[in-house]
Amino acid sequence: MDLKDPQISEWKRFYRSFCFAWSGIIHTFKTERNFQIHVFISIVTLIVGYFVHFTKFEWIVILFLIGGMLALELINTALEHVVDLITSEFKPLAKAAKDAAAGAVFVYAILSVIIGIIILSNHISFELFK
Ligand SMILES: Nc1ncnc2c1ncn2[C@@H]1O[C@H](COP(=O)(O)OP(=O)(O)OP(=O)(O)O)[C@@H](O)[C@H]1O
């Protein structure tokens with residue numbers, strides 16, 4: 001399947017790219033436990049947000065965090081695949097690459113949890129003391 005085929009219209013190319021992207025997300029969801037955990041936490045956060053009535057600004061922040069987390073996890077998975085494709089032997093550079101990508105996910109996850117707690121604590125203390 002050649003995406004650069006001039007016979008294929010721009011819209012068809014765009015649609016195919018969308019299908020490839022979607023299949024990447026589904027494949028990652030089926031094969032990566034960490035991605036499944038992030039999706040689960042994201043769904044729980046959305047449900048909690050609905051019930052505690054996040055403000056418009058809080059929704060924007062939460063959606064950015066969820067989108068960023070899932071996108072970062074997808075990039076991390078892509079990098080793991082590429083490294084595994086290049087070598088199955090133990091290589092310090094392969095370890096450095098995988099660990100740096102995992103570190104990126106970790107940094108984002110920690111900050112997301114901190115921001116999530118700040119937003120939620122606002123609502124919980126409001127509910128308790130109103
Ligand atoms: N080819 C390699 N050479 C050296 N170290 C590697 C290599 N492949 C993986 N590692 C190291 O082994 C550990 C586990 O790597 P692995 O590929 O299993 O990913 P992971 O961290 O378990 O992530 P996931 O569970 O998402 O697959 C990491 O510290 C990684 O850096």
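Predicted, not measured: the structure shown is a model, and the values here were computed from it. (Residues numbered from 1 in each chain as written. Predicted model: local features only at pLDDT ≥ 70, side-chain atom pairs only at ≥ 80, totals over all residues. Heavy atoms only, no water.)

### Topic: the site of the ligand
Spelled out, the test is: Any residue with at least one heavy atom within 4 Å of a molecule or strand is counted as near it. Two N or O atoms form a polar contact when they lie within 3.5 Å of each other; inside protein one atom must be a possible hydrogen donor and the other a possible acceptor, and for residues adjacent in sequence the pair counts only when both atoms belong to side chains. For the accessible areas, the method is Shrake-Rupley and the probe is 1.4 Å, while residue cover comes only from the protein chains on display. By definition, any uninterrupted DSSP run of H or I lasting at least four residues is a helix, any uninterrupted run of E lasting at least two residues is a strand, and each is numbered from the N terminus. For this classification, Asp, Glu, Lys and Arg are treated as charged, while Ala, Val, Leu, Ile, Met, Phe, Trp, Tyr, Cys and Pro are nonpolar and the rest, including Gly, are polar.
Taken together, the neighbourhood of the ligand is formed by Glu32, Glu80, Glu89, Phe90, Lys91, Ala94, Lys95, Lys98 and Asp99. The contact in question runs from an oxygen atom of the ligand to an N or O atom on the side chain of Lys95, over 3.3 Å. One of the side-chain N or O atoms of Asp99 is found 2.6 Å from an oxygen atom in the ligand. Taking 610 Å² as the accessible area of the ligand by itself, protein coverage stands at 60%. Here the shell around the ligand gets 4 residues from one element, more than from any other, and that element is helix 4 (residues 92–129). Residues that form the shell around the ligand fall into these classes: 2 nonpolar, no polar and 7 charged.

### Some words on the packing of helix 2 (residues 33–52) against helix 3 (residues 56–86)
Basically, it comes down to this: Fitted lines through C-alpha atoms serve as axes, helices being fitted only where they are in contact, and the angles separating the N-to-C directions of these axes extend from 0 to 180 degrees. Here the angle decides the label: under 35 degrees means roughly parallel, over 145 means roughly antiparallel, 65 to 115 means roughly perpendicular, and every other value means oblique. Note on contacts: a residue pair is in contact if any heavy atoms of the two residues lie within 4.5 Å.
Following both chains from N to C, one finds helix 2 and helix 3 inclined at 170 degrees, their axes separated by 10 Å at the closest point. In terms of axis orientation, helix 2 runs roughly antiparallel to helix 3. Of the residues in helix 3, those touching helix 2 at Asn34, Phe35, His38, Val39, Ser42, Thr45, Leu46, Gly49 and Tyr50 are Trp59, Ile62, Leu63, Ile66, Met69, Leu70, Glu73 and Leu74. Of the residues in the contact of helix 2 with helix 3, the class split is 11 nonpolar, 5 polar and 1 charged.

### Focus on the UniProt feature "transmembrane region" (unreviewed entry) in the chain
In plain terms, the rule: UniProt positions are given in the numbering used here, feature names are shortened, and annotations may be inferred rather than shown by experiment.
UniProt tags residues 35–53, 59–79 and 100–120 as "transmembrane region" (unreviewed entry). For the annotated span residues 59–79, helix accounts for 100% and strand for 0% of the residues, and the straight-line distance between the end C-alpha atoms is 30 Å. Along residues 100–120, the helical share is 100% and the strand share 0%, with 30 Å between the first and last C-alpha atoms.

### Concerning a nonpolar patch on the surface
Short version of the rule: Distance thresholds for patches are 9 Å for like charges and 5 Å for nonpolar side chains (Val, Leu, Ile, Met, Phe, Trp, Tyr), applied to residues having over 30% relative accessible area and no salt bridge. Salt bridge, as used here: a side-chain nitrogen of Lys or Arg that lies within 4 Å of a carboxyl oxygen of Asp or Glu.
A grouping of Phe106, Val107, Ile110, Leu111, Ile114, Ile115 and Ile118 is seen on the molecular surface, where their side chains present a nonpolar patch of about 650 Å² in accessible area. Of note, Ile115 is situated in helix 4.

### Comments concerning the packing of helix 1 (residues 10–31) against helix 2
Between two packed helices, the angle of one axis relative to the other and the distance separating the axes together describe the packing. Interaxial distance between helix 1 and helix 2 falls to 6 Å at its minimum, and their mutual angle equals 100 degrees. As summarised for this structure, helix 1 and helix 2 are arranged roughly perpendicular, according to the angle between their axes. Contacts from Ile25, Thr28, Phe29, Lys30 and Thr31 in helix 1 reach Arg33, Phe35, Gln36 and Val39 in helix 2. In terms of residue class, the contact of helix 1 with helix 2 is made up of 4 nonpolar, 3 polar and 2 charged.

### A closer look at helix 2
Filter applied, for reference: Expected helix span is given by 1.5 Å per residue-to-residue step, counting one fewer step than there are residues. Here the term buried applies to any residue with accessible area under 20% of the maximum for its type, exposed to any over 50%, and partly exposed to those in between, with areas from a 1.4 Å probe on protein chains only. Picture the helix axis, draw a direction to every C-beta atom, and the arc is the one those directions span.
Its 20 residues give helix 2 an end-to-end C-alpha distance of 29 Å, which sits within 8% of 28 Å, the value for a rise of 1.5 Å per residue. Of all the positions in helix 2, only Phe35, His38, Val39, Ser42, Gly49 and Val52 are classed as buried. Along the axis of helix 2, the buried residues cluster in a sector spanning 165 degrees; they form a single face. Among the exposed residues of helix 2, those oriented more than 90 degrees off its buried face are Arg33, Phe40 and Phe51. Remark: His53 follows helix 2 within two positions and exhibits a positive phi of approximately 60 degrees.

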